[in-house]
Amino acid sequence: MAGSGTAHLRGGGALTVEHLTVEFPVGTSGDKVHAVSDVSFDLMKGETLGVVGESGCGKSTTGKAIMRVPPPTSGSVRLGAIDLSTLGADQLRDVRGRLQMIFQDPISSLNPRRTIRDIVAEPLTVRWLDGFPRYPAAQAWDNFTPAMLKLWKNKWLVLLTKIGLGVLLGGVLLYVVASAVGEPDQFGRRDGGAGADLANQIIRGGGLLLAPAAIVGIIGSAIWLLLVFLMIPFKIARSVLVAMEKKEFAKEVDEKVFTALEEVGIPAQVSMTKYPHEFSGGQAQRISIARALVLDPEIIICDEPVSALDVSVQAQVLNLLEDLKASRDISLIFIAHDLAVVKNISDRVVVMYLGKVCEVGQPDLLYSKPRHPYTRALMSAIPVPDPLVDPRSAEEIDGELPSPIHPPSGCRFRTRCARATEICSTAEPEIAEVADGQFVACHHPLDEKDWHLSERSVPVTVSSDLDGLLHSTTPEAPGGVK
Ligand SMILES: Nc1ncnc2c1ncn2[C@@H]1O[C@H](COP(=O)(O)OP(=O)(O)OP(=O)(O)O)[C@@H](O)[C@H]1O
Ligand code: SF4
Ligand SMILES: [Mg+2]
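It should be emphasised that the depicted structure is a prediction, and the values quoted were computed from it without experimental measurement.

1. Some words on the overall build of the protein chain
Piece 1. When you go through the protein chain residue by residue, the secondary structure sums to 13 helices and twelve strands.
Piece 2. By residue count, 33% of the 482 residues in the protein chain fall in the buried class.

Structure below.
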């Protein structure tokens, strides 16, 4: 398949993603959408990692899989030394506060029926409620329910039940037919004779086959009922406890929400009682950031956080993220389409294609000396603010993005790559270091002579309307990560 391997991992990261794979089943055909396939990268403390690639390449799915919504099909995500896949629901809830996500469309990511105070307070409230002691009956319910559902879906139980139902139905039909054709007795009732006897035996056999499902159902329902009764007094006691401590908690939350809103530049005094529709897109995105900040996260995954905003508001939100990163020592994963934005904000960039990593490196190198043909095509698509450069000179990628259900063999980019050879269709390229800190997954990486192919090429001046509005073009890299 294009690009796997872990040569680009540096070790000791704040977040380490290894061999991450996410597949979605397609109906009942057995096919799968290979949304993310064997993706690895790491994020150092205080670093911003840009993730770029065309629509559908798996950027958002990667971000969500890190948050375990839904959990990945395979692979590991480590937050420091903690492997998230080994955590139970309770431990995961604790750790999730350290990882937060903000989304592309700020307005639709805020609940329109809740006030800004409640929206920003929500992560705190959920954590506070989780902090109340879990009573054993509720824990038993949480453990028992998935085990029970798994048993219900057990293929042998399902098969036995289907056969049992079939046999039962067959027996009933035979009984009806045998009784209909039998000789009537003196009262006019028809005796099915041997046919009816056989039908009775078949019906009994069907009943026996259905017995396991019936036993599972009866015992399961009895245990659920018992747990419900056991939970009632505990639930009442918990509600009383919550009500007693609510006032104190509400005061604490108000202070935290106030501080978070002010920190992102939203006047808290007048905004707490308002609703999302009363804010502009840029303000709504600031509110989303405040919601992410209240739990004091170490890492924020930003999924296209400025794509829905106009250029000047984009710059304000990007500057805000930069300021927060510096003041709170937060690490960012920055997913974006806009390559100019990614260049401006990232310390390291990961280029993805059809669920795979193609190239990883410092933005300056990637933009001026791309090694992967796909990276070069992406860079070539960046508008050049020079009237002498013909926009039609941008390198086009031939063909359509292949289906992620049946991705090409070998290198996934081979169906659109002008450099593809035999080996590209038979062997998946492993990611390898080609220059200091620059890693590429390609059998025939580009070199110096390929960077001078068009008038748009080296040095590529990545520029956009944003440039003048941002604090600086390239943020300082945290110690030792560049
Ligand atoms: N829940 C799902 N069920 C089935 N397929 C899905 C699901 N979520 C995503 N996909 C598929 O996985 C692939 C990757 O989707 P994803 O949203 O991660 O792409 P993306 O790179 O974020 O795209 P964009 O830039 O347009 O946001 C796509 O082919 C998409 O159709
Ligand atoms: S040269 Fe081969 S390995 Fe490299 S991107 Fe093209 S198809 Fe993939
Ligand atoms: Mg997306």
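Back to the write-up after that little detour.
2. Re the site of ligand 2
Piece 1. Taken together, 14 residues surround ligand 2, and among them C411, R414, C417, C424 and C442 come closest.
Piece 2. For the shell around ligand 2, the class distribution of residues is nine nonpolar, three polar and two charged.

3. Quick look at the environment of D450
Piece 1. By secondary structure assignment, the location of D450 is in the segment after β12 (438-440).
Piece 2. What makes D450 partly exposed here is the crowd of 17 C-beta atoms within 10 Å.
Piece 3. In sequence terms D450 and P370 are 80 residues apart; their C-alpha atoms lie 9.2 Å from each other.

4. Let's talk about the nonpolar core
Piece 1. Grouped together as the largest cluster of nonpolar side chains are 85 residues, with contacts concentrated most on V120, A290, C302, I333, F334, V350 and V357.
Piece 2. Tallying contributions element by element places helix α8 (residues 281-293) first for this core, with six residues.
Piece 3. The contacts of I333, once residues within four sequence positions are left out, are L43, L49, V51, G63, I301 and C302.

5. Some points on unusual backbone geometry
Piece 1. With an omega dihedral of 0°, the bond running from V69 to P70 counts as a cis peptide bond.
Piece 2. With respect to the element layout, P70 can be found in the loop between α1 (59-67) and β4 (74-79).
Piece 3. Positive phi, close to 45°, is recorded for E304, a residue that is not glycine.
Piece 4. When you line up the elements, E304 lands in the loop between β7 (299-303) and α9 (311-328).
Piece 5. According to the C-beta neighbour criterion, E304 is partly exposed, with 19 such atoms within 10 Å.
Piece 6. Although it is not a glycine, D329 adopts a positive phi angle of roughly 60°.
Piece 7. Position of D329 relative to the elements: it lies in the loop between α9 and β8 (331-335).
Piece 8. Note on D329: 12 C-beta atoms within 10 Å, which makes it exposed.

6. Structural notes on the site of ligand 1
Piece 1. Within the structure, ligand 1 sits among 13 residues, and F24, A35, S55, S60 and T61 are positioned closest to it.
Piece 2. For the shell around ligand 1, the secondary-structure elements that each account for two or more residues are β2 (32-43) and α1.
Piece 3. The element best represented in the shell around ligand 1 is α1, accounting for three residues.

7. Focus: the sheet that holds strand β5 (residues 82-83)
What links the strands of a sheet is backbone hydrogen bonding, and the strands pair in either a parallel or an antiparallel sense.
Piece 1. An order of β2-β1-β4-β5 is seen for the four strands of this open sheet, with the pairing classed as antiparallel. In the strand order of this sheet, the two ends are held by β2 and β5, each with one partner.
Piece 2. Strand direction decides the pairing type here: β4 and β5, joined by two bridges, are antiparallel. In the sheet register, L79 faces β5, and the bridge partner there is I82.

8. A few points about the environment of I266
Piece 1. Tracing the chain through its elements places I266 in the loop between α6 (193-263) and α7 (268-271).
Piece 2. Take I266: there are 21 C-beta atoms within 10 Å of it, and that puts it in the buried class.
Piece 3. Between the C-alpha atoms of I266 and R286, which are 20 residues apart in sequence, the distance is 7.3 Å.

9. Side note on the packing of helix α5 (residues 155-181) against α6
Piece 1. Where α5 meets α6, the closest approach of the two axes is 7 Å, and the angle between their N-to-C directions is 155°. If you check the angle between α5 and α6, you find them roughly antiparallel. The crossing of α5 and α6 is left-handed.
Piece 2. Partitioned by chemical class, the residues of the contact of α5 with α6 number 20 nonpolar, ten polar and no charged.

10. Observations regarding helix α3 (residues 116-131)
Helical geometry note: an α-helix holds 3.6 residues per turn, so side chains three or four residues apart project in the same direction.
Piece 1. Taking 1.5 Å of rise per residue, the 16 residues of α3 would be expected to cover 22 Å, and the 23 Å separating its terminal C-alpha atoms lies within 8% of that figure.
Piece 2. Bending of α3 peaks at approximately 50° at the position of E122, with proline P123 no more than four residues after it.
Piece 3. Along α3, the residues that are buried comprise I116, I119, V120 and A121.
Piece 4. The inward-facing, buried residues of α3 abut α6, α7 and α8.

11. Regarding the packing of α3 against α6
Piece 1. For the pair α3 and α6, interaxial distance at closest approach is 9 Å and the crossing angle is 130°. One finds that α3 runs oblique with respect to α6. Taken as a pair, α3 and α6 cross one another with a handedness that is right-handed. Here α3 contributes R117, V120, A121, L124 and W128 to the contact with α6, which in turn contributes F249, V253, K256, V257, A260 and L261.
Piece 2. Residues belonging to the contact of α3 with α6 are distributed by class as follows: nine nonpolar, no polar and two charged.

Cut-off values and rules
- Residues numbered from 1 in each chain as written.
- Chains lettered and ligands numbered in written order.
- Predicted model: local features only at pLDDT ≥ 70, side-chain atom pairs only at ≥ 80, totals over all residues.
- Helix = DSSP H or I, 4+ residues; strand = E, 2+ residues; numbered from the N terminus.
- Buried ≥ 20, exposed ≤ 12 C-beta atoms within 10 Å, placed from the backbone.
- Near = placed C-beta within 6 Å.
- Nonpolar A, V, L, I, M, F, W, Y, C, P; charged D, E, K, R; others polar.
- Core = buried A, V, L, I, M, F, W, Y, C linked by C-beta atoms within 7 Å.
- Contact = placed C-beta atoms within 7 Å.
- Pairing = 2+ DSSP bridges.
- Axes fitted to C-alpha atoms, helices over the stretch in contact; angles between N-to-C directions.
- Parallel < 35°, antiparallel > 145°, perpendicular 65-115°, else oblique.
- Left-handed = near helix turned anticlockwise from the far one by under 90°.
- Expected span 1.5 Å × (residues − 1).
- Bend = angle between axes of the 7 residues up to and from the residue.

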